[in-house]
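Remarks on the overall topology
What follows is each chain in one-letter form.
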2 protein chains.
Amino acid sequence: MKSYDVAILGAGPAGLSAAIYSARYGLDTIVISRDIGGSANLAHQIENYPGYLGSGMELMQKFFKQAENVGAEFLNDDLINIKKKAGCFEIVTTGRKICSKSIIIALGTQRRKLNISGEDKFLGKGVSYCATCDGNFFKNKTVAVIGGGNSACKAVLLLSGIAKQVYLIHRGEIEKCEMVYRNKIKEKNNIHILNNTIPLEIGGKNSVSELLVDRGGKNLPKEERIKLEGVFIEIGGLPVSDIAKMLKIKIDKEGYLVVNNEMKTSINGVFAAGDVIKSKLKQVVVAASQGATAAKSAYDYLQK
Amino acid sequence: MKSYDVAILGAGPAGLSAAIYSARYGLDTIVISRDIGGSANLAHQIENYPGYLGSGMELMQKFFKQAENVGAEFLNDDLINIKKKAGCFEIVTTGRKICSKSIIIALGTQRRKLNISGEDKFLGKGVSYCATCDGNFFKNKTVAVIGGGNSACKAVLLLSGIAKQVYLIHRGEIEKCEMVYRNKIKEKNNIHILNNTIPLEIGGKNSVSELLVDRGGKNLPKEERIKLEGVFIEIGGLPVSDIAKMLKIKIDKEGYLVVNNEMKTSINGVFAAGDVIKSKLKQVVVAASQGATAAKSAYDYLQK
């Protein structure tokens, strides 16, 4: 069974940055992930990673090549189990069993679901969690984006250039997205903002044909049917913390892994970075910084 | 007197990243700095800013242009005074007087001095604090680098390609620099490492001609004279915290500004990021992340 100094779980901005730093520290480093780039791949255009302008996927490929060039190994497997043994963490993947002296968890988030009727039934048939991936299927059609944060606003802007009409549907009064997106949204005449609106049901036969919403908010129900072909759900993510359960790492009530300033979890030798921990700002540069810090902490841990 | 939402003091990685984020949040943003790039400019080659490979100066120009493109204003002045007034901070520079509702301090560090005889006298005449800037003056000469951290190791490697002989002089047993640098140093046959060695005096007539050192360490003094033409002092930096004194911001015993996780200082409306605060890892990506977070905190502060 091959042994490593550091096993990094996940290959988004945090995991790849941790890999660059860990390999540069001279540590035997393996990154275990089914994909390269994580949710940053879904960013059509990144304008706020300092020093870079381009697609999320292209940026993630740069991170990846940099990590590979300094000697990080990549294993394209799913994780099955992880156990603390004497002297190492035993990791079982779909294809291998390895041993690592330390672990950096950078598994990010999985998309949060609305949990309304029709959501599962029409997945891939009009329901999508990724405007960048699926937007082009909705040329000249009518779509709705559900959500009020940056990812919803970015999705709306992207779709407004493809679809005929785009609804932005959210529960609250104020959009939580950045001013720069709000200003751009105002300039488009095919975006319709529906405040205080709660999605109730996604309807259709073989594919989505309508969205039932409550336009009166919680206090004054007023149902309305919107005719459309696509529903994009952009209501954020839930931290992927199954691993935390396997290792009995402390998590908070929202499911985020609890770390200190040095990215140490409650288990000695296990660190975490990126969207799997709670941060004031969910941005590529923040995740990359946390990944670098986690690698430094793993390095310090291994010197002892 | 012109009024801003955010005044950013300093234009290194933290200040520029804060400017990108602050301007993108739609805040009236001014960056006050004599230079663009700060100490990151001195990095000959940056290999560990994820997604980038190239010189520090080039990376900082990318940060700068990105900040300018999103609307941050730049003021190329020195700071003279800063005072908290009703409703705003009044900032006096060499050329202007402005008012800002919030402040982000990103002034970084100034080089730490050895405080030995000859250090001031021979500054620019063989004594340097920047191998990237002054290395080329020492072609085929003998030089020493004093220090044991990453900046010292990087300086030694850079100089080994220019000078004939390079001494790496440090007080301790173990170098604190990254494995990748230590391995490269081992491969060079014109680098001589002097452990447990304390520099005592820099000597010469019109320019540096020798360095007096104690090779025995503290317990067993053993003086030795090294004939050389250049002495590069790379022993880290001291946080620039004069501003903190003007605003009565809490600093720690080493002079670093004290902030919480959201980059808030002890004074309401004043935030700090980068080398002026204490971090586990002093890296461009960490400073950039802190700058982004400080901008978000300033934005949240201004919404109230």
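Up top is the structure these notes are about.
Thresholds, definitions, all that
The written sequence of each chain sets the order in which its residues are numbered from 1. Chain A is the first chain written and ligand 1 is the first ligand written, with later ones labelled in order. Owing to the predicted nature of the model, reporting of local features is limited to residues with pLDDT of at least 70; listing and counting of side-chain atom pairs is limited to 80 or more, with chain, interface and lining totals taken over all residues. With hydrogens and water set aside, each side-chain value is computed from the structure's full complement of heavy atoms. Working rule for contacts: check all heavy atoms of both residues, and any pair within 4.5 Å makes them a contact. Here the buried area means the combined drop in accessible surface, using a 1.4 Å probe, for two parts upon being joined, counting both sides. Criterion for a salt bridge: a side-chain nitrogen of Lys or Arg within 4 Å of a carboxyl oxygen of Asp or Glu. Two N or O atoms form a polar contact when they lie within 3.5 Å of each other; inside protein one atom must be a possible hydrogen donor and the other a possible acceptor, and for residues adjacent in sequence the pair counts only when both atoms belong to side chains. Elements are defined by DSSP. Helices are runs of H or I of four residues or more, strands are runs of E of two residues or more, and each kind is numbered from the N terminus. Under this grouping Gly is polar, as are all residues other than the nonpolar Ala, Val, Leu, Ile, Met, Phe, Trp, Tyr, Cys and Pro and the charged Asp, Glu, Lys and Arg. Strand pairing is defined by DSSP finding a minimum of two bridges between the two strands. The axes used here are C-alpha line fits, helices contributing only the stretch in contact, and every angle between their N-to-C directions lies in the interval 0 to 180 degrees. Orientation labels follow simple angle bins: below 35 degrees gives roughly parallel, above 145 gives roughly antiparallel, 65 to 115 gives roughly perpendicular, and whatever is left gives oblique. Should the near helix be turned anticlockwise from the far one by less than a right angle, the crossing is termed left-handed; should it be turned clockwise, right-handed. The classification of residues rests on relative accessible area computed with a 1.4 Å probe and restricted to protein chains. Under 20% of the type maximum is buried, over 50% is exposed, and intermediate values are partly exposed.

Thoughts on the interface of chain A and chain B
Each side of the interface is counted separately: chain A has 36 residues, and chain B has 36 residues. Between chain A and chain B, roughly 3,200 Å² of surface is buried when both sides are summed, and carbon and sulfur atoms account for 53% of that area. Three residues, Tyr-21, Arg-24 and Lys-280 of chain A, lead the burial of chain A against chain B; their summed loss comes to 25% of the area buried on that side. Among the ionic pairs, Arg-24 of chain A bridges to Glu-47 of chain B, the shortest N-O distance being 2.7 Å. Our enumeration of links across chain A and chain B arrives at 24 residue pairs in polar contact (both at pLDDT 80 or more). Contributions of two or more residues to the side of chain A that touches chain B are made by helix 1 (13-24), helix 2 (56-69), helix 5 (179-187) and helix 7 (284-303) of chain A. Top contributing element to the side of chain A that touches chain B by residue count: helix 7 of chain A, with 10 residues. Residues of the side of chain A that touches chain B, tallied by class, amount to 17 nonpolar, 10 polar and 9 charged.

Let's talk about the sheet that holds strand 15 (residues 230-233) of chain B
Residue and element names in this part refer to chain B. The parallel open sheet is built from 5 strands, whose spatial order is 8-15-9-10-11. Each end of this open sheet is capped by a strand with a single partner; those strands are strand 8 (127-128) and strand 11 (191-194). In terms of strand pairing, strand 9 (residues 142-146) meets strand 10 (residues 165-169) through 5 bridges, oriented parallel. In the strand pairing of strand 10, Ala-144 is matched with Tyr-167. With respect to the sheet, helix 4 (residues 150-160) is in contact with strand 9, strand 10, strand 11 and strand 15, its orientation differing from that of strand 10 by roughly 170°.

Some remarks on the packing of helix 1 of chain A against helix 2 of chain A
Packed helix pairs are specified by the crossing angle of their axes together with the interaxial distance, meaning the distance between the axes. Residue and element names in this part refer to chain A. Contact pair helix 1 / helix 2: the axes reach a minimum separation of 8 Å and the direction vectors enclose 25°. Here helix 1 is positioned roughly parallel relative to helix 2, judged by the angle of their axes. As for how helix 1 packs across helix 2, the hand of that crossing is left-handed. Contacts between helix 1 and helix 2 involve Pro-13, Leu-16, Ser-17, Ala-19 and Ile-20 from the former and Met-60, Phe-63, Phe-64, Gln-66 and Ala-67 from the latter. Residues belonging to the contact of helix 1 with helix 2 are distributed by class as follows: 8 nonpolar, 2 polar and no charged.

Some words on the pattern of salt bridges
Residue and element names in this part refer to chain A. Under the definition given, this model contains 38 salt bridges over all chains. In this structure, the salt-bridge partner of Lys-2 is Glu-73, at a minimum N-O distance of 3.3 Å. Placement of Lys-2 in the segment before strand 1 (3-9) and of Glu-73 in strand 3 (residues 73-75) is noted, with a sequence separation of 71 residues between them. The class for Lys-2 is partly exposed, based on a relative accessible area of 45%.

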